[in-house]
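So you can see what is in the structure, the chains are spelled out below.
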Amino acid sequence: MKFFNYRVVIFLLCSAFGIVFTMPSLLQTEFGQKVSLGLDLQGGMHIRLGVKTDEAVQNKIKSISTSLKYFAQKEGILIEDFRFDESSLRFILLDSDEISKLETEIATIKGLVVNKDSELNYVITLSEPEIEVVKDMAVAQAVETIRNRLDQFGLAEPTVIRQGLSDIVVELPGIKTAEEERQARELIARPANLELMAVDEIRADQVYVLSEQKAREYGSVIMPDSRGDEIKHLLKELPILTGEDVVDARVVFDETNQPVINFTLSSAGARIFGDFTAKNIGNRLAIVLDGKVYSSPVIRERIGGGSGQISGGFSVMEAGNVAIALRSGALPASVEMLEKRSVGPSLGADSIKASMIALISGFALVIIFMIFYYGYAGIISNLALISNIFIILAVMAMFGATLTLPGMAGIVLTVGMAVDANVIINERIREFLKEGKSIAKAIEDGYSNAMRAILDANITTLLAAVILYAYGTGPIKGFAITISIGILASMITAILGTHGVYLALSQKISRDKNHKKWFGIREG
Amino acid sequence: MEFFKSDRVYDFMKYKIPFLGLSVFLVIASLVLLSTKGLNFGIDFSGGTIIQVKYTQEAPITDIRNELAKSEQFKNATVTEFGTKDEVVIKITNTTTDLGSDIGDQITSLLVSTGEFELRRVDMVGPKVGGELKEKGITALILALSVILIYVSYRFEWRFAVASIVALIHDIVIALGVISLFSVEVNLDILAALLTILGYSLNDTIIVFDRVREGVSKSNSNDLNEMINSSVSNTLSRTTLTSLTTFFVVFTLYVFGSEIISGFSFTLLVGIVVGTYSSIFVASTFLVQLQFSIANFRAKEAEKVKKQKEKERIRAMYEKGIV
């Protein structure tokens, strides 16, 4: 008797593969790849963020303004009416002899378009492609920054990926409490824009009577205090230094045991800082974080070490977050929340329990029914079915796929549909047996006749699943994945595998001549 | 065990008028429901926020409503029991883009006085994402239908494709009608369920059509009605059996599955019933309505075979070097 045919061998190998690779997930072993649970099953937070890329363009204009103004001052080029808005920067050059010097400098900055109202009235904007580049870079940098921050925050396995032109998807599976979630959200959203700015000492006492616009005309800007918006400061519009020059930030405790943040500047930053403080002894320096003034101490002497401190009534947690955010760099533009889904861990556990009960009871019903209806043929189909589930889980584990609630529904549905192939085949075999064919012939013809229908049916379902995967988001994808793997696996188990088992047993079945026992056909 | 005698042929076509009548009635009724009552779109498509709150004791729904009514922002919130008496779902049409203080945080502080609770789920979908999801969903549905149309046309004939698409649209419309009737909240998972119904019902239809195709090439009869009767009868055991097993598992999912997937499993249950009905009574009937001609089909198939043979003959000639 030839028991091992190639079909049985493939079936056994695939089943063994399924069982072996499912074990790490089932037993939760230390080693091996496991199926990871989706946020809806283990709890956690999923947010889709939109990066306000227009802001990045605005910031770019601002930084170009800073460097041009710095250049003009250094070279003694006289310019007047220097101002900038969201998309352009304009000024009047006083001395026409300086045109070539100034324009050579402008030419070194990439992507600028220079227009002149008259010979000396400059209007500078960014070129269209440059704007695209700036926006693209902003999103890429935001992804990097948020990833850094979350890594330092110490949550398990955060994922941060870019989606589309300006969106970012953040997934945090490790979150357990509402407080933790709020912290994480704050950390993500904090722009961490640190600016060291000079106080406009000449008009500082007019701050409460000046309008925003009037202040701008003087090249100054009104900024609220961190203690409350009613306290205002008048600062020079162009910052001396920005957070880009910060290389480190740590939380320390001051003499009153309040948490403060010590930051260290890069060597280039330290030099600029040193120069500025040397020239401005007696004036005040404002430390501005995210558009709020935290302190404005008077400069007593040249500060050369390149370090500074932010103080201002932080809680320990908050100070920690600010330090992390400063270390990982500023967001190039602020982000807004477009979509958020958060699930508490207890709900996830409930969902797992509920779907396990559904899966097991549905499974048991199908198995009992198949045996009842088809006899031994039913048992063979059930073997294929069980092997199918193992293969689905093993393949998911291998590819590091995520099992979600709709994914579990997909498995449940696969159980229902995977028996379909066997039902079609078994019905065909029964028909041929009734026509009086021999058992070997009935099995042979049953499979070959059923094959075309099964393939057509499976391929169309697979097509639908692929489209679902391509156009679905998050959880829907999980559903499409389990269905697709289930269909492919059923080709091996339900078609190839059961065929192999019948071939292996065909002599035994032929000798038995008991159609009721083997195929559940009523005698007579 | 057997449900149906496999050698018996039932005369389905004799009753095609009442069945078609029933289908037309159901489709029209569904369309009327959809245009008057409409669908109850959930936050995935319409945007908004859903908050699932579990209390340590029975949820004080009246208190919750009162507290929410005090706030300008949440006064149009709806509060409903969810699964058990301890749990409620608060649905709000507002969204917030602020990461620092989201609606979950705001609700937590508003409800402090109502007892001890835990926020188990906060889902917020902004209007931009909602619109995008809707667009993607419709694209997926149309794309799936057209791919199926192409595949079935290629494997069978265009009339089969059109008949199966008619059956599918029939199923989807009726399923949507039932969803509308029971005010099931339409979210992404319902879309997944609809697409599953599509695949499932098509499965059934194709198995029947495969028999028709086989019958055409095997028998000599030109009587389409008779052929459809025998094909549907032959596959009747299989259709009912598979529908039953699938129905079992989806039913357990509906009964034991958590409240979150009840809409999904409910839609599937409806779809299985309608899909099974349509592949037995509607799809094949439509083949007749489309004036499918066995003789023509046979001629085309013969033509295909002839072309194939011709190709092989020419290839053989080339290989032998005779040109």
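Residues numbered from 1 in each chain as written. Chains lettered and ligands numbered in written order. Predicted model: local features only at pLDDT ≥ 70, side-chain atom pairs only at ≥ 80, totals over all residues. Heavy atoms only, no water.

**Some details on the overall build of chain B**
Here comes step 1: Helix and strand content of chain B: 11 helices and six strands.
Here comes step 2: By the compact-globule yardstick of 20 Å for 323 residues, chain B is too spread out, its C-alpha radius of gyration being 26 Å.
Here comes step 3: C-alpha extents for chain B along the principal axes are approximately 90 × 50 × 40 Å.
Here comes step 4: The burial tally for chain B puts 52% of its 323 residues in the buried class. (Helix = DSSP H or I, 4+ residues; strand = E, 2+ residues; numbered from the N terminus. Rg over C-alpha atoms; globule rule 2.2 N^0.38 Å. Buried < 20%, exposed > 50% of the residue type's maximum accessible area, 1.4 Å probe, protein only.)

**Brief notes about the confidence of the model for chain A**
Here comes step 1: Per-chain confidence: chain A averages 84 in pLDDT, with 98% of residues scoring 70 or above.
Here comes step 2: Element-level pLDDT for chain A is lowest in helix 15 (residues 515-519) of chain A, with a mean of 77, against a maximum mean of 91 in helix 11 (residues 376-398) of chain A. (pLDDT = per-residue confidence, 0-100.)

**Thoughts on helix 3 (residues 53-75) of chain A**
Residues and elements named next belong to chain A.
Here comes step 1: Across its 23 residues, helix 3 extends 33 Å between first and last C-alpha, which sits within 8% of the 33 Å expected from 1.5 Å per residue.
Here comes step 2: Where helix 3 is concerned, the buried positions are Thr53, Ala56, Val57, Ile61, Ile64, Ser65, Leu68, Phe71 and Ala72.
Here comes step 3: Once helix 3 ends, the next one or two residues include Gly76, with phi positive near 70°. (Expected span 1.5 Å × (residues − 1).)

**Here's the deal with the sheet that holds strand 4 (residues 88-93) of chain A**
Residues and elements named next belong to chain A.
Here comes step 1: Here we have four strands laid out as an open sheet, ordered 3-4-6-5, and antiparallel in their pairing. A strand with exactly one partner marks an edge of an open sheet, and here the two such strands are strand 3 (79-84) and strand 5 (112-116). Taking the axes of each pair of neighbouring strands and ignoring which way they run, one obtains an average angle of 20° across the sheet.
Here comes step 2: Pairing geometry for strand 4 and strand 6 (residues 121-126), over five bridges, is antiparallel. (Pairing = 2+ DSSP bridges. Axes fitted to C-alpha atoms, helices over the stretch in contact; angles between N-to-C directions.)

**Re the environment of Tyr376(A)**
Residue and element names in this part refer to chain A.
Here comes step 1: Of note, Tyr376 is situated in helix 11.
Here comes step 2: Taking the relative accessible area as the measure of exposure, Tyr376 reaches 36% and is therefore partly exposed.
Here comes step 3: Between the alpha carbons of Tyr376 and Thr402 there is a distance of 36 Å; along the sequence they are 26 residues apart.
Here comes step 4: Excluding residues that lie within four positions of it along the chain, Tyr376 makes contacts with Lys517 and Trp518. (Contact = heavy atoms within 4.5 Å.)

**Some thoughts on the pairing of strand 3 (residues 78-82) of chain B**
Residues and elements named next belong to chain B.
Here comes step 1: Pairing of strand 3 with strand 4 (residues 84-92), which is carried by five bridges, proceeds in the antiparallel orientation. When the sheet's bridge partners are listed, Glu81 is paired in strand 4 with Val88.
Here comes step 2: Here strand 3 hands over to strand 4 after one residue, with Gly83 in that stretch at a positive phi of 75°.

**Some thoughts on the packing of aromatic side chains**
Here comes step 1: Using the criterion set out here, one finds 21 aromatic pairs over all chains in the structure.
Here comes step 2: Between the aromatic rings of Phe369(A) and Phe248(B), the centroid separation amounts to 5.6 Å while the plane-to-plane angle is 80°, which identifies the pairing as edge-to-face. On the criterion of chain membership, the pair formed by Phe369(A) in helix 10 (residues 345-374) and Phe248(B) in helix 9 (residues 236-256) is interchain, its members lying in two chains. In this structure, Phe369(A) and Phe248(B) share a single accessibility class: buried.
Here comes step 3: Taking the centre distance of 6.5 Å and the plane angle of 65° together, the rings of Phe156(B) and Phe209(B) count as edge-to-face. Of the two residues, Phe156(B) is situated in the loop between helix 5 (127-155) and helix 6 (158-181) and Phe209(B) in helix 7 (residues 188-218); the sequence distance between them amounts to 53 residues. Each of the two residues, Phe156(B) as well as Phe209(B), counts as buried.
Here comes step 4: By way of ring pairs, the aromatic residues Tyr10(B), Phe12(B), Phe19(B), Tyr277(B) and Phe281(B) are connected into one cluster. (Phe/Tyr/Trp six-rings, centres within 6.5 Å; stacked < 30°, edge-to-face > 60°.)

**Some points on the nonpolar core**
Here comes step 1: Ile429(A), Tyr502(A), Phe519(A), Phe160(B), Phe264(B) and Leu287(B) are the most contacted members of the largest nonpolar core, which has 147 residues in total.
Here comes step 2: If you look at the next biggest cluster of nonpolar residues, it comprises 49 residues, including Ile47(A), Leu93(A), Val134(A) and Ala189(A). (Core = buried A, V, L, I, M, F, W, Y, C linked by side-chain atoms within 4.5 Å.)

**Description of unusual backbone geometry**
Here comes step 1: For Asn257(A), which is not glycine, the phi dihedral falls at a positive 65°.
Here comes step 2: Here Asn257(A) shows up in the loop between strand 13 (246-253) and strand 14 (259-265).
Here comes step 3: A residue is classified by how much of its surface remains accessible, and Asn257(A), at 56% relative accessible area, is exposed.
Here comes step 4: A positive phi angle, near 50°, is found at Ser183(B), a position not held by glycine.
Here comes step 5: If you trace the backbone, Ser183(B) turns up in the loop between helix 6 and strand 6 (185-186).

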